[in-house]
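Architecture and fold: a report
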Amino acid sequence: MSSENSSADDVRQVWDVVVVGAGPAGASAAYAAAVAGRRVLLLEKAELPRYKTCGGGIIGPSRDALPPGFELPFRDRVHAVTFSNNGRFTRTRRSKQMLFGLINRPEFDQQLVEHAQKAGAELRTGVTVQRVEQHGSAVPDRRSVAVVLQGGETLLARAVVGADGSASRIGAHVGVKLDQVDLGLEAEIPVPDTVAEDWEGRVLIDWGPIPGSYGWVFPKGDTLTVGVISARGEGAATKRYLEEFIGRLGLAGFEPSISSGHLTRCRADDSPLSRGRVLVCGDAAGLLEPWTREGISFALRSGRLAGEWAVRIAEAHDAVDTRRQALNYAFAIKAGLGVEMSVGKRLLTVFERRPGLFHATLTGFRPAWKAFMDITRGSTSLAEIVRTHPMAHRALTAMDRRQAPTPAPADDEGAS
């Protein structure tokens, strides 16, 4: 940028990159753009720190995507997983090495934002973005995007990253299309030391009674995060599952400090990831793993890519170059996260029909447990296992072919 343009930009305060939403995706995008030496503004409608409905599991791919020097605020380190199939056939598998860590989202998100600020990003909280405009009177030239705030203030940017969550306004501007919507319900339950000690270093994963559903218990010191997730449209059944799950665990007598719900949304295969100088990432783009609905690693990885490509879009001088950079961003997302999502989608389809088979395989077949450990540690991914292990590829392909649901034996005992 020439000094002449720089002084004009200073008068009108044109940001290189404006990021909307300060969750893991937005903070990662702001960090990546700021580290590149650009003028970055990070907008967040809430005041930080703020609560988010989220199990808070940090798997290997999440750790690998964090900024250098980031100290994870772990509340617990997981070395054991107890699996159950709707409360039955309980089995615990253990690992000598840590499988994954557990964090509280308010602390984790706050720390990510602080790293973005240290890199040079400016933060504004309590700010609601009403819309973005790429044409019209608010936009002075073709290299600018107008970000219109509630109350009428307009900010100008060379590129915008939408990371404003699953009900994203920026996603609506881009035209994000969603393929799968799930309802997650969660309770943060403070427990006495005797109960907390029993859960230390161990999580529970329960395959639920609703097709595609599961529940979890994640220990975080003196609090257990207990949640369930299933397809939207099963609200009453999902609520009942959570209540029964809590009761079965012997936790019904403890008063939750927080009870919350959240919709997770997966993108359709043909959903756009950009429009003009605006990119979307994380939940705003519908990027998460369809089977487990794990979203933190997808947010961190897509956020970093969005920040890097927003810098290139900010430097683009015409529509052709802008389009080229936006397509490169989409390609980077689809080549990595998109492949993982497509495998996750296939696994969800099988899991919806045969949860007992999944349970039996994970708890009784050593290579499956090893694959689970490798995935959570980040030494491989679902997509990589299907690609490189002929047996896994054949098994998934064979299951794919079974279009009609297979009747499960009574009470699922035969499958388990």
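Residues numbered from 1 in each chain as written. Predicted model: local features only at pLDDT ≥ 70, side-chain atom pairs only at ≥ 80, totals over all residues. Heavy atoms only, no water.

1. Here we look at the overall build of the protein
Helix and strand counts for the protein come out as 13 helices and 18 strands. Its C-alpha atoms put the protein at 75 × 50 × 40 Å along the principal axes. For the protein, the proportion of its 416 residues judged to be buried stands at 55%. Residue pairs at least 24 apart in sequence account for 74% of intrachain contacts in the protein once pairs closer than 6 positions are excluded. Accessible surface computed for the protein: about 18200 Å², of which carbon and sulfur atoms make up 51%. Here the protein contributes 51 positive and 48 negative side-chain charges, whose respective centroids are spaced 6 Å apart. (Helix = DSSP H or I, 4+ residues; strand = E, 2+ residues; numbered from the N terminus. Buried < 20%, exposed > 50% of the residue type's maximum accessible area, 1.4 Å probe, protein only. Contact = heavy atoms within 4.5 Å. Areas by Shrake-Rupley, 256 points an atom, 1.4 Å probe, with all protein chains shown as cover. Lys, Arg positive; Asp, Glu negative; His and termini not counted. Charge placed at Lys NZ, Arg CZ, Asp CG, Glu CD.)

2. Concerning the sheet that holds strand S15 (residues 223–231)
Ordered in space as S6-S5-S13-S14-S15-S12-S16, the 7 strands form an open sheet in which the pairing is mixed. Of all the strands in the sheet, just strand S6 (88–94) and strand S16 (258–267) have a single pairing partner and so form its edges. Averaged over all neighbouring strand pairs, the angle between strand axes comes to 20 degrees, with direction disregarded. Sheet topology note: the strand S14 (residues 214–220)/S15 ladder contains 7 bridges and is antiparallel. When the bridges of S15 are listed, Phe 218 appears paired with Thr 225. (Pairing = 2+ DSSP bridges. Axes fitted to C-alpha atoms, helices over the stretch in contact; angles between N-to-C directions.)

3. Comments concerning the pairing of strand S13 (residues 202–207)
Most of S13 is tucked away: 6 of the 6 residues are buried. Of the two faces of S13, the one carrying Arg 202, Leu 204 and Asp 206 and the one carrying Val 203, Ile 205 and Trp 207 are both buried. For strand S5 (residues 80–85) and S13, the ladder comprises 6 bridges, and the chain directions are parallel. Directly across from Ala 80, in S13, lies its bridge partner Arg 202. In terms of strand pairing, S13 meets S14 through 4 bridges, oriented antiparallel. By the bridge assignment, Ile 205 is partnered in S14 with Trp 216. The antiparallel hairpin formed by S13 and S14 contains 6 residues in its connecting segment, where Gly 212 sits at a positive phi of about 85 degrees.

4. Quick word on helix H10 (residues 355–364)
Residues Pro 355, Gly 356, Phe 358, His 359, Leu 362 and Thr 363 constitute the buried set of H10. Down the axis, H10 shows its buried residues gathered within 160 degrees of arc, on one side only. Where the residues of H10 are buried, they touch S5, S6, S13, helix H9 (319–353) and helix H11 (366–377). (Arc of directions from axis to C-beta.)

5. Remarks on the sheet that holds strand S4 (residues 76–78)
Spatially, the 3 strands line up as an open sheet ordered S3-S7-S4, and their pairing is antiparallel. Edge strands, defined here as strands with exactly one partner in the open sheet, are strand S3 (57–58) and S4. Pairing of S4 with strand S7 (residues 100–102) involves 3 bridges; the strand directions are antiparallel. Paired with Val 78 across the bridge in S7 is Phe 100.

6. Focus: the UniProt feature "domain: FAD-binding" (unreviewed entry) in the protein
The feature "domain: FAD-binding" (unreviewed entry), as annotated in UniProt, sits at residues 16–179 in this numbering. End C-alpha atoms of residues 16–179 are separated by 32 Å, and the span's content is 23% helix alongside 34% strand. (UniProt positions renumbered as here; feature names shortened; annotations may be inferred.)

7. Comments concerning the pattern of salt bridges
The final tally for this structure, using the stated rule, is 18 salt bridges. Here Asp 270 and Lys 177 are joined by a salt bridge, their closest N and O atoms 2.9 Å apart. Within this pair, whereas Asp 270 is found in the loop between S16 and strand S17 (274–275), its partner Lys 177 is found in the loop between helix H5 (169–174) and strand S12 (178–190), the two being separated by 93 residues in sequence. Across the pair Lys 370 and Asp 374 runs a salt bridge whose closest N-O atoms are separated by 2.9 Å. Taken as a pair, Lys 370 and Asp 374 lie in helix H11 at a separation of 4 residues, close to a single helical turn. One continuous salt-bridge network, built from bridges that share partners, spans Glu 44, Arg 50, Arg 105 and Asp 109. (Salt bridge = Lys/Arg side-chain N within 4 Å of Asp/Glu carboxyl O.)

8. Quick notes on the confidence of the model for the protein
On average, residues of the protein score 91 in pLDDT, and 91% of them are at 70 or above. Note that residues 1–11 has pLDDT below 50 and, in this model, 6 contacts with residues that lie over four places away or in other chains. pLDDT under 50 marks residues 403–416. Its contacts with residues more than four places away, or in other chains, come to 21 contacts. (pLDDT = per-residue confidence, 0-100.)

9. Topic: the pairing of S14
Here S14 lies mainly inside the structure; 7 of its 7 residues are buried. Residues of S14 alternate between two faces, with Tyr 214, Trp 216, Phe 218 and Lys 220 on one and Gly 215, Val 217 and Pro 219 on the opposite face, all of them buried. Turn length for the S14-S15 hairpin, with the two strands adjacent in sequence and antiparallel, is 2 residues, and the turn residue Gly 221 shows positive phi of about 70 degrees.

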